[in-house]
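One letter stands for each residue in the lines below.
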Amino acid sequence: MSINEKDLCRLPVVAMRGVVVFPEMVMHFDVAREKSIGAITAAYESDKKIFLTAQKDVFVEDPEMKDLYRFGVIAEVRQILKTPEGVMRVLVEGISKAKLESLHAGKNYLSADVQKVPYSTRTRFDEVEMEAVIRTVKDLFEKYSQLFPRMPKELIVAVMCQDNPYKLFNSIIFNIALDFEDKQQLLEENNILKRLNLLYTILLKETEVLTLEREIQELTKEGMDKSQREYYLREQMRAISSQLGEEDEQEEVYEYLKKIQELGLPDTDTDKLYKEAERLSKLPPASQESFVIRSYLDVVLDLPWNKSSKAKISIEKSRNILDKDHYGMEKVKERVLESISVHALMPDVTGQILCLVGPPGVGKTSIGRSIAKSLGRKYERISLGGVRDESDIRGHRKTYIGAMPGRIIDALTRAGTNNPLILLDEIDKMSSDFKGDPSAAMLEVLDSEQNKAFRDHYVEVPFDLSQVLFVATANTLDTIPAPLLDRMEVIELGSYTREEKFHIAKEHLIAKQIKKHGLKNTQMKIQDSALYDLIDSYTRESGVRELERYIASLCRKAAKAIVSEEQKKVTFTSKNIECYLGPRKYLQDEHSGENTVGLVNGLAWTSVGGVLMPIEVIHLKGKGQVEITGSLGDVMKESAKIAVSYVRSIAKQYGINPDFYEQRDIHIHAPEGAVPKDGPSAGVTMVTAIVSALSGIPVRSDVAMTGEITLHGKVLPIGGLREKAMAAYRNGIRTVIIPEKNVPDLHEVDEIVKKNIEFVPAGTLDTVLKTALVYKPEYDESQQEQNSVMIPAETKNTSKPLAYV
């Protein structure tokens, strides 16, 4: 393995991790990799020459050519020492700089073809410039030495006395710790002037870093000195208190001081708490004031100042949780998933405050619980129903007897984290009196710009509520103040349809109640027909609470029958359900199965869902009066007047005497009479009923309709289409006439309803009458002078009004 400066030579190679060796440099290092140990052994057993080059990435275990720097050092192995742990300690001396030309992987070690590239000692340079560079490097090294800990004085003197640029470079680079990438740059540079300039740049950077480190250490030392002084004084106070027999009380104060320090609050807040603890140390233990301070400190220290819930958010998991806990409600679920997606992208997002509005029992509270489960956050519920005191939200000042923090701070303490989901239940039920307006206090709580420093009257230290996710629930928006409503995003939850109630009961409620009553699935069964009977004949609600009570009642009756050994398995059907629950409470909507004159199936929306609301019209001999009955509101009465006026304008088209309004009295009735009704959506129903009654043309019994009308015969859009369509489906209606502008709302209608009902969009009343009436007569001009109303003979006896029960 002889070395020739002009020719390539093959030497064993050791890939150095984080270490760069220079020519004339003597150093020792440890070797643990098998190939490195093999290379050292091969070199030591031969002519002791070895090629040392640095790895680009220190974490590569089996380096290749691309992982090594091209320039390294040919060195001589002076000494090797094997340790019991299998590590080899090596002492080497650099001989010459060399360039790696090729790398060869042997069986036990790496070898390489290298060519010597010695430093040039004949480089010409400006002596004045060199002198300036040498002085600059010396001055910077002296400053570096003052900052670097434990720098040997002998080394400093040797460097400061050195004038030879080569020896100056070696004296510095051999004895200071630099990054191996910086050292590699110095190794690869041949020109001594450029090498010294590069060394100056590296030393300047290191000096700046060391200066900053020194400043940080001094600041830390000042803080530690202050803490040590306080600790020493407290230990002296502890010893004095022990001699006076007050050790227990003082121990409590020290514990408070320790906890306050651990909170890491801003200095102003920490000082305030320190003052409270110091006041406690000076008060008699049994005094009332010490009890107040002790309670105050306990509340403040129990707050989750720095504790947060951390969870990995999965949209698929969140969707599964929502689908498992709630049936239907697709729009609500989609909006909730959007909010969860935003939290996944930006966990620190603030300002998203949801308000779920809907009738009782539709699952508003349980949705809040599902959102918390999806986000992996703690869940706390605050009931705001009946709250009328501002102190319930902000807390009482601690100077009052029995003072306590507000409900927001209390919920955070119970949650144990500073980012829980807090459900503000029944936010529309808050009221105000002489003690203040709690809704005004909620303005700060729900404002993301203000709640970063929410100040409870009791705690008096600002708490950051911006990480809390607030979800509010309400039954109506009418009682929520406008400024408070403006801070929330409203999501409306409609009442459940018949099919939704059926699926909720079958998939959730029955299994829940069977488990709650200690039954097994094999011991009790409710058939689908019986479940529909429970929904239609025993409950009339927007949610499913009453339905769940009836299912619980059936479970109790089944448990009684099984325990008394009357039956081993109880099956509830539509035939025997009355035996267990008694007579049906609600009858089906009145619906005639025959085509009838003057009777039209209208559709109405109620808070518990849609209903079929027939409109009856008869005409009598009289003076043109219009009688309207059925507890109708002002809007509905106006719709009746519009309907009569419109019928007058189209009387000739349907064979109606144009002077009917002078000779006939019209009576419009909407059963049930005791139920108040209002709204404009019965306009099309009234027009159809009046035309049918005056013309004698029957109305199809399988048609229902809804829509507001104008004097020019246009049909305007209405609300509640989803519930009204379900009512039509429940009563066996096959055709439903809807306003043309309500066609986009059909996507909210249940699929089973759309499969069984034909929806007819109507832009004008001509379409309504053409669809609803059995036929449209051809009007005879010769009959125009007759004063009586045209009624076909075959339909004269079919205009009997039907009662709506």
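Let me begin by describing the structure that accompanies this report. Chains are numbered independently. Their residues run from 1 in the order of the written sequence. Totals for whole chains, interfaces and linings use every residue, but because this is a predicted model, local features are given only for residues with pLDDT of at least 70 and side-chain atom pairs only at 80 or more, for both listing and counting. The side-chain quantities take in all heavy atoms of the structure and omit both hydrogens and water.

1. Digging into the overall build of the protein
Note the threshold: Under the DSSP-based scheme used, a helix requires at least four consecutive residues in state H or I and a strand at least two consecutive residues in state E, with every element numbered from the N terminus. Between the two quantities, the radius of gyration covers C-alpha atoms and the globule rule is 2.2 Å times the number of residues to the power 0.38. Note on exposure labels: buried denotes an accessible area under 20% of the residue type's maximum, exposed denotes more than 50%, and partly exposed covers the range between, all computed with a 1.4 Å probe on protein chains only. Using a 1.4 Å probe, the Shrake-Rupley method yields the accessible areas, and only the shown protein chains count as cover for residues. Neither His nor the chain ends is counted toward charge; the positive residues are Lys and Arg and the negative residues Asp and Glu. Charge positions come from single atoms, namely NZ of Lys, CZ of Arg, CG of Asp or CD of Glu.
The number of helices and strands found in the protein is 26 helices and 22 strands. Since a compact globule built from 805 residues should have a radius of gyration of about 28 Å, the 45 Å found for the protein marks it as more spread out than a globular shape. Counting only residues that meet the buried cut, the protein has 47% of its 805 residues in that class. Of the roughly 41500 Å² of accessible surface on the protein, a fraction of 50% belongs to carbon and sulfur atoms. Side chains of the protein carry 108 positive and 121 negative charges; the gap between the two charge centres is 4 Å.

2. A closer look at helix α11 (residues 330-345)
Let me state the cut-off plainly: Helix span, as expected, comes to 1.5 Å for every residue beyond the first.
Taking 1.5 Å of rise per residue, the 16 residues of α11 would be expected to cover 22 Å, and the 23 Å separating its terminal C-alpha atoms lies within 8% of that figure. Residues of α11 that are buried: V332, K333, R335, V336, L337, S339, I340 and H343.

3. What about the sheet that holds strand β7 (residues 354-357)?
Quick note on the threshold: Any two strands are treated as partners once DSSP identifies two or more bridges connecting them. In this analysis, axes come from line fits to C-alpha atoms, helices being fitted only over the stretch in contact, and the angle between any two N-to-C directions falls in the range 0 to 180 degrees.
Pairing in this open sheet of 5 strands is parallel, and the strands run β8-β9-β10-β7-β11 from one edge to the other. Sheet topology places β8 (379-383) and β11 (489-492) at the edges, where each strand pairs with a single neighbour. Taken over all neighbouring pairs, the strand axes of this sheet differ in orientation by 20° on average, direction set aside. Of the strand pairs in this sheet, β8 and strand β9 (residues 421-425) are connected by 5 bridges, and their pairing is parallel.

4. Some thoughts on the pattern of salt bridges
As a reminder of what qualifies: A pair is scored as a salt bridge if a Lys or Arg side-chain nitrogen falls within 4 Å of a carboxyl oxygen belonging to Asp or Glu.
For the structure on display, the rule yields 36 salt bridges. For the salt bridge of D425 with R381, the shortest nitrogen-to-oxygen distance reads 2.9 Å. Of this pair, D425 sits in strand β9 while R381 is found in strand β8, placing the two residues 44 residues apart along the sequence. Since its relative accessible area comes to 5%, D425 is described here as buried. In this structure, the salt-bridge partner of E751 is K754, at a minimum N-O distance of 3.3 Å. Separated by 3 residues within a single helix, E751 and K754 lie in helix α25 (residues 751-756), roughly one turn from each other. We classify K754 as partly exposed; its relative accessible area is 28%.

5. Details of the packing of helix α17 (residues 498-516) against helix α19 (residues 545-563)
Two quantities define a packed helix pair, namely the angle between the axes and the distance from one axis to the other. To keep it simple, the criterion reads: Here roughly perpendicular refers to angles of 65 to 115 degrees, roughly parallel to angles under 35, roughly antiparallel to angles over 145, and oblique to all remaining angles. For any pair of crossing helices, the crossing counts as left-handed if the nearer helix is rotated counterclockwise from the farther one by less than a right angle, and right-handed if it is rotated clockwise. Contacts are assigned to residue pairs with any non-hydrogen atoms lying within 4.5 Å of each other.
Here α17 crosses α19 at 45°, and the two axes come no closer than 10 Å. When the axis of α17 is compared with that of α19, the two are oblique. Considering only the axes of α17 and α19, their crossing is right-handed. Contacts from K501, A505, L509, I510, K512, Q513 and I514 of α17 reach α19 at L547, E548, I551, A552 and C555.

6. Re the side chain of S370
Just so we agree on the cut-off: Whenever a nitrogen or oxygen atom comes within 3.5 Å of another N or O atom, the pair is scored as a polar contact, on the condition that within protein one atom can donate a hydrogen and the other can accept it, and that pairs from neighbouring residues in sequence are kept only if both atoms are in side chains.
Secondary-structure assignment places S370 in helix α12 (residues 364-375). Reaching out from S370, the side chain makes a polar contact with the side chain of D325 at a distance of 2.9 Å. The contact partners of S370, leaving out residues within four places of it in the chain, are I321, L322, D325 and H326.

7. Describing the environment of G385
Within the element layout of this structure, G385 appears in the loop between β8 and α13 (391-394). Separated by 351 residues in sequence, G385 and E34 place their C-alpha atoms 75 Å apart. When sequence neighbours within four positions are dropped, the list of residues in contact with G385 reads D425, E426 and K429.

8. Points about the sheet that holds strand β21 (residues 735-739)
The mixed open sheet is built from 7 strands, whose spatial order is β16-β17-β15-β14-β18-β21-β22. Every interior strand has two partners, whereas the edge strands, β16 (626-629) and β22 (758-762), have only one. Geometrically, the sheet is characterised by an average inter-axis angle of 30° between neighbouring strands, direction not taken into account. When strand β18 (residues 703-705) meets β21, the two strands line up parallel, connected through 3 bridges. Residue pairing for β21: V703 is matched across the bridge by T735. Contacts between helix α21 (residues 634-649) and the sheet are confined to β15 (609-621), β16 and β17 (664-669), with β16 contributing the most and set at about 145° to the helix. Along the sheet, helix α23 (residues 683-695) makes contact with β14 (599-606), β15, β17 and β18, crossing β15 at roughly 35°.

9. A few points about the environment of I551
Note that I551 resides in helix α19. Since its relative accessible area comes to 0%, I551 is described here as buried. Linking I551 and L509, residues 42 residues apart in sequence, is a C-alpha distance of 7.6 Å. If near-sequence neighbours (up to four positions away) are discounted, I551 is found in contact with A505, L509, I510, Q513, I526, L531 and L534.

10. Focus on the side chain of E548
In this structure, E548 sits in helix α19. On the accessibility criterion, E548 (16% relative accessible area) is buried. Apart from residues no more than four positions distant in its own chain, E548 is found in contact with L509, K512 and Q513.

11. A few points about the nonpolar core
Going by this rule: Only buried residues count toward a nonpolar core, which is a set of Ala, Val, Leu, Ile, Met, Phe, Trp, Tyr and Cys residues joined through side-chain atoms within 4.5 Å.
Counting residues in each nonpolar core, the largest one holds 52 residues, and the members touching the most others are L424, I427, L446 and F470. Filtering out sequence-adjacent residues up to four positions away, I427 remains in contact with L384, L446, A472, T473, A474, I480, L484 and M488.

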